[in-house]
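Examining the three-dimensional arrangement
Chain residues, written in single-letter form:
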Amino acid sequence: NTRIIYDYGIDLKVKLEERIIDIYQKKSGSRIYFINGELKNVTINFIGFDKKNKTINNVPIDINGLTGCVSLINLNLKNIKINSSNSTCEDSVNLINVKGNLLEVKIINSLMDGLDIDFSEVSIDNIFISGSNNDCLDLSYGNYHLGNVKLYSCGDKGLSVGEKSTVYNNYIEVHNTDIGIASKDSSLTKLNTVNLKKTNTCVSAYKKKQEFNGGYLSIKNLNCIDYNKKIDVDNYSEIKIQNEL
């Protein structure tokens, strides 16, 4: 019950009985869009462009400014699973103005960001993201409830929360990244248990854009090892840590 639009260079295979959508990217930067309506009890598998022995010079820009190889837009979601590997877009998966729940998101090897969600109200039970050249998980302009989150080898930030977002998370693990957790620009981030390893900065809260205030970050249990700086907070922001493990 949704509209599916895809570029030249996308090979789409739909298994109706199994409720599985397999997407094969045959050309660098080719995209697919799920727009309007509802997605329910569906697994989406995206297999990106094979970069072996090939050079990717430029990532094409969508004429509407959309950045995801897989974009879900204006949708109600129920019991959705998304798997993505080897994407060649600015975002592997981009959710825009969606509501509902996802059971699982698994993203491996992203040219830039892994999962980017904007203007949405969603809960996600399990997130696994590894090998993003920019942020692994980027949330903005929304309300987000996250269960079990594991983020590995992120070029910039593990979890980035910005632009008046509210985020609640039960457990998050971040390894090998520049900034483990960042809450910025009028965002409220409340985390239960945080395990960080091999980060330049463990946790950060700051004001980046002049139209916003600072960020707020609250952590009940924090364990951060092998880092250069534990806490980075500016004069507009606040970080509260209840227990350091």
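Structure first, text after, so check above.
Overview of the structure. (Residues numbered from 1 in each chain as written. Predicted model: local features only at pLDDT ≥ 70, side-chain atom pairs only at ≥ 80, totals over all residues. Heavy atoms only, no water.)

**Focus: the overall build of the protein**
A tally of regular secondary structure across the protein gives zero helices and 15 strands. Against the compact-globule benchmark of 18 Å for 245 residues, the protein has a radius of gyration of 18 Å, which places it among compact chains. By the burial criterion, 51% of the 245 residues in the protein qualify as buried. Intrachain contacts of the protein at a sequence separation of at least 6 include 38% that bridge at least 24 residues. With the model as given, the accessible surface of the protein reaches about 11400 Å², and the carbon-plus-sulfur share is 43%. Charged side chains of the protein number 29 positive and 29 negative; the gap between the two group centres comes to 3 Å. (Helix = DSSP H or I, 4+ residues; strand = E, 2+ residues; numbered from the N terminus. Rg over C-alpha atoms; globule rule 2.2 N^0.38 Å. Buried < 20%, exposed > 50% of the residue type's maximum accessible area, 1.4 Å probe, protein only. Contact = heavy atoms within 4.5 Å. Areas by Shrake-Rupley, 256 points an atom, 1.4 Å probe, with all protein chains shown as cover. Lys, Arg positive; Asp, Glu negative; His and termini not counted. Charge placed at Lys NZ, Arg CZ, Asp CG, Glu CD.)

**A word on the pattern of salt bridges**
Applying the stated criterion across every chain, the model contains eight salt bridges. With a closest N to O distance of 3.5 Å, aspartate 232 and lysine 229 form a salt bridge. Looking at aspartate 232, the relative accessible area reads 31%, which means it is partly exposed. (Salt bridge = Lys/Arg side-chain N within 4 Å of Asp/Glu carboxyl O.)

**Concerning unusual backbone geometry**
In this model, asparagine 79 sits at a positive phi of 55°, which is unusual for a non-glycine residue. Position of asparagine 79 relative to the elements: it lies in strand β6 (residues 68–87). Residue classification places asparagine 79 among the partly exposed residues on the basis of a relative accessible area of 26%. The phi angle at phenylalanine 119 is positive, at roughly 50°, despite the residue not being glycine. One can find phenylalanine 119 in the loop between β8 (113–118) and β9 (121–132).

**Considerations on the state of the cysteines**
All chains considered together, the criterion is met by three disulfides. Here the cysteine-cysteine linkages of the protein are recorded as 1-2, 3-4, 5-6, numbering only bonded cysteines and doing so in sequence order. (Disulfide = S-S within 2.5 Å.)

**Here's the deal with the nonpolar core**
In this structure, Phe34, Leu72, Leu115, Leu137, Leu151 and Ile181 are the most contacted members of the largest nonpolar core, which totals 54 residues. In terms of nonpolar packing, the next biggest core, distinct from the first, is built from five residues, Tyr33, Ile35, Ile73 and Ile96 among them. (Core = buried A, V, L, I, M, F, W, Y, C linked by side-chain atoms within 4.5 Å.)

**Some points on the environment of aspartate 7**
With respect to the helices and strands, aspartate 7 occurs in the loop between β1 (2–6) and β2 (10–15). For the pair aspartate 7 and isoleucine 107, spaced 100 residues apart in the sequence, the C-alpha separation amounts to 21 Å. Filtering out sequence-adjacent residues up to four positions away, aspartate 7 remains in contact with Gly29, Ser30, Arg31 and Tyr33. At 2.8 Å, the side chain of aspartate 7 forms a polar contact with the backbone nitrogen of arginine 31. (Polar contact = N/O pair within 3.5 Å; in protein donor to acceptor, adjacent residues only side chain to side chain.)

**What about the side chain of glutamate 173?**
Its place among the elements puts glutamate 173 in strand β12 (residues 166–184). Within the buried set, glutamate 173 has no salt-bridge partner at all; the shortest N-O distance to an opposite charge, 5.0 Å, is to lysine 150. Polar side-chain contacts of glutamate 173 include one of 2.6 Å to the side chain of tyrosine 171. With sequence-adjacent residues up to four places away left out, glutamate 173 is seen in contact with Val149, Lys150, Leu151, Tyr152 and Asn195.

**Overview of the packing of aromatic side chains**
This model, assessed by the stated rule, comprises three aromatic pairs. With centroids separated by 4.7 Å and ring planes inclined at 5°, the aromatic side chains of phenylalanine 119 and tyrosine 141 adopt a geometry described as stacked. Placement of the pair is phenylalanine 119 in the loop between β8 and β9 and tyrosine 141 in the loop between β10 (137–140) and β11 (143–162), with a sequence separation of 22 residues. Owing to a relative accessible area of 48%, phenylalanine 119 belongs among the partly exposed residues under this scheme. Look at tyrosine 141 and you get partly exposed, because its relative accessible area is 35%. Geometrically, the ring pair formed by phenylalanine 128 and tyrosine 152 is edge-to-face, given 5.6 Å between the ring centres and 80° between the ring planes. With a gap of 24 residues between them, phenylalanine 128 in strand β9 and tyrosine 152 in strand β11 connect regions that are remote in the sequence. (Phe/Tyr/Trp six-rings, centres within 6.5 Å; stacked < 30°, edge-to-face > 60°.)

**So, the pairing of strand β13 (residues 188–206)**
Inspection of the sheet shows β12 paired to β13 by 15 bridges, in the parallel sense. When the sheet's bridge partners are listed, lysine 184 is paired in β13 with tyrosine 206. Bridge count for β13 against strand β14 (residues 216–233) is 14 bridges, and the pairing is parallel. Note on β14: the bridge partner recorded for threonine 189 is leucine 217. (Pairing = 2+ DSSP bridges.)

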